[in-house]
Each structure stands twice: as structure tokens, then as C-alpha cells.
Amino acid sequence: MTVITTPHLNFRGDARAALEFYHSVFGGQLIAMTNEDTYSVEIPEEAHQIKFGQVIGESGFQVMAYDVPSSVDYEQGEKSLFVSVRSDSAEEITELWRRLAQGSTIVADLAPSQFSPAYGMLKDAFGVVWVLDVAVAYDPS
């Protein structure tokens, strides 16, 4: 049995743009189904908003997203979650950082830290906070 945890990000009208941006960073496959595509239009102005969206990168990266309908309360929050991207390669993390940082606010520059050869945090143009780092083996002894 395999269990995969995938961040599911909620937006208010920005899901398509966010998914397209993440696809430009991580590559792979982009799936974007609208309310109209799924025959679930509640409000005509929201017909082209995303009901189900996903990016699946060849590296194993996955993220899902949708637009919360205006009929439902929604507050993104300031620090409701962080999306963590880890790799065993500093080169890969540096390249992903370079792409993801476009239009983002840097919270912590990508640099060596006490627990990783490269660690950084940024908030993208869609309000999502990303943490990128190089994973290292943990030795509890």
C-alpha cells in the first residue's frame, strides 16, 4: 500500500493562475477542470473558476488547488500552512528556488542553516508560503 500526501491549496479566483505558475516551476502535468467542466456552476460568474486542479511533476512533486466559491466563507490566513519542498540536491533546490522566487516575497533567503546545506522561505504572489531545503539524514544519537 502506498500513501501520498498532497497539499490542497484553496484560492478565491486565483487557482488557475497559481497552478499555471507552479507548473512553470515544477513542470509535469497540469490538470484544470472548471465548475462548468464538472457541471457544478452555482454562480454564473464563477463558471470558469477551478473546481479541481492539480500539478504532477515528473520529480514526484504534487499540488492540488481549487477556487472556493463566493457562497462559502474563506479566509486564507497569514500562516495557515507552509508547503515544504525537499530534495537531496542543492542544485535542484537552488533552481526551484530561482523559479519560485519570481514575483514572490522572500521571507528567508536561500542559504545554509543549522539543519540544512540550503534552506529558504518565500511567500508567492498567491499568498502561499513555501519552504525549500536540502534534506539531510537525521542521526538521533
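Residues numbered from 1 in each chain as written. Predicted model: local features only at pLDDT ≥ 70, side-chain atom pairs only at ≥ 80, totals over all residues. Heavy atoms only, no water.

- With an unreviewed UniProt entry as reference, the protein chain is termed VOC family protein, source organism Leifsonia stereocauli.

1. Focus: the overall build of the protein chain
Here is step 1 of the chain: Helices and strands together make up the secondary structure of the protein chain, namely 2 helices and 8 strands.
Here is step 2 of the chain: For the protein chain, the N- to C-terminal ordering of α and β elements is β-α-β-β-β-β-α-β-β-β.
Here is step 3 of the chain: Pairs at least 24 apart in sequence give 53% of the contacts found in the protein chain among residues at least 6 apart.
Here is step 4 of the chain: When the accessible surface of the protein chain is split by element, carbon and sulfur atoms take 52% of a total near 8500 Å².
Here is step 5 of the chain: Of the charged side chains in the protein chain, 8 are positive and 20 negative, and the gap between their average positions amounts to 2 Å. (Helix = DSSP H or I, 4+ residues; strand = E, 2+ residues; numbered from the N terminus. Contact = heavy atoms within 4.5 Å. Areas by Shrake-Rupley, 256 points an atom, 1.4 Å probe, with all protein chains shown as cover. Lys, Arg positive; Asp, Glu negative; His and termini not counted. Charge placed at Lys NZ, Arg CZ, Asp CG, Glu CD.)

2. Regarding helix α2 (residues 90–100)
Residues separated by three or four positions in an α-helix point in the same direction, a consequence of the helix having 3.6 residues per turn.
Here is step 1 of the chain: All buried positions along α2 are accounted for by I93, L96, W97 and L100. For α2, the angular spread of the buried residues around the axis is 105°, confining them to a single face.
Here is step 2 of the chain: Considering only its buried residues, α2 is in contact with α1 (15–26), β5 (82–87), β6 (105–111), β7 (119–123) and β8 (129–134). (Buried < 20%, exposed > 50% of the residue type's maximum accessible area, 1.4 Å probe, protein only. Arc of directions from axis to C-beta.)

3. Looking at the packing of aromatic side chains
Here is step 1 of the chain: Enumeration according to the criterion identifies 9 aromatic pairs in this entry.
Here is step 2 of the chain: Judged by centre distance (6.3 Å) and plane angle (75°), the rings of Y22 and F126 are edge-to-face. Of the two residues, Y22 is situated in helix α1 and F126 in the loop between β7 and β8; the sequence distance between them amounts to 104 residues.
Here is step 3 of the chain: Three or more aromatic residues joined by ring pairs form one cluster here, namely F11, F21, Y22, F26, F61, F126 and W130. (Phe/Tyr/Trp six-rings, centres within 6.5 Å; stacked < 30°, edge-to-face > 60°.)

4. Here's the deal with the packing of α1 against α2
Here is step 1 of the chain: Viewed as axis vectors pointing N to C, α1 and α2 meet at an angle of 150°, and their least axial separation amounts to 9 Å. When the interaxial angle is binned, α1 and α2 end up roughly antiparallel. Our pair here, α1 against α2, has a crossing hand that is right-handed. For the pair α1 and α2, contact is made by F21, Y22, S24, V25 and F26 and by L96, R99 and L100, respectively.
Here is step 2 of the chain: Among the residues forming the contact of α1 with α2, the class breakdown is 6 nonpolar, 1 polar and 1 charged. (Axes fitted to C-alpha atoms, helices over the stretch in contact; angles between N-to-C directions. Parallel < 35°, antiparallel > 145°, perpendicular 65-115°, else oblique. Left-handed = near helix turned anticlockwise from the far one by under 90°. Nonpolar A, V, L, I, M, F, W, Y, C, P; charged D, E, K, R; others polar.)

5. Details of the pattern of salt bridges
Here is step 1 of the chain: Applying the stated criterion across every chain yields a total of 3 salt bridges.
Here is step 2 of the chain: Its salt-bridge partner being E95, residue R98 comes within 2.4 Å of it at the nearest N-O pair. Residue R98 and its partner E95 are located together in helix α2, separated by 3 residues, close to a single helical turn.
Here is step 3 of the chain: Assessed through its relative accessible area of 27%, E95 is described here as partly exposed. (Salt bridge = Lys/Arg side-chain N within 4 Å of Asp/Glu carboxyl O.)

6. Remarks on the sheet that holds β8
Here is step 1 of the chain: Strand order in the open sheet made by the 4 strands is β5-β8-β7-β6, with mixed pairing throughout. The open sheet has two free edges, formed respectively by β5 and β6, since each of these has just one partner strand. Averaged over all neighbouring strand pairs, the angle between strand axes comes to 15°, with direction disregarded.
Here is step 2 of the chain: Relative to β8, β5 is paired through 6 bridges, and the arrangement is parallel. Bridging across to β8, S84 finds its partner in V131.
Here is step 3 of the chain: On the sheet, α2 packs against β5, β6, β7 and β8 and is oriented at approximately 160° with respect to β8. (Pairing = 2+ DSSP bridges.)

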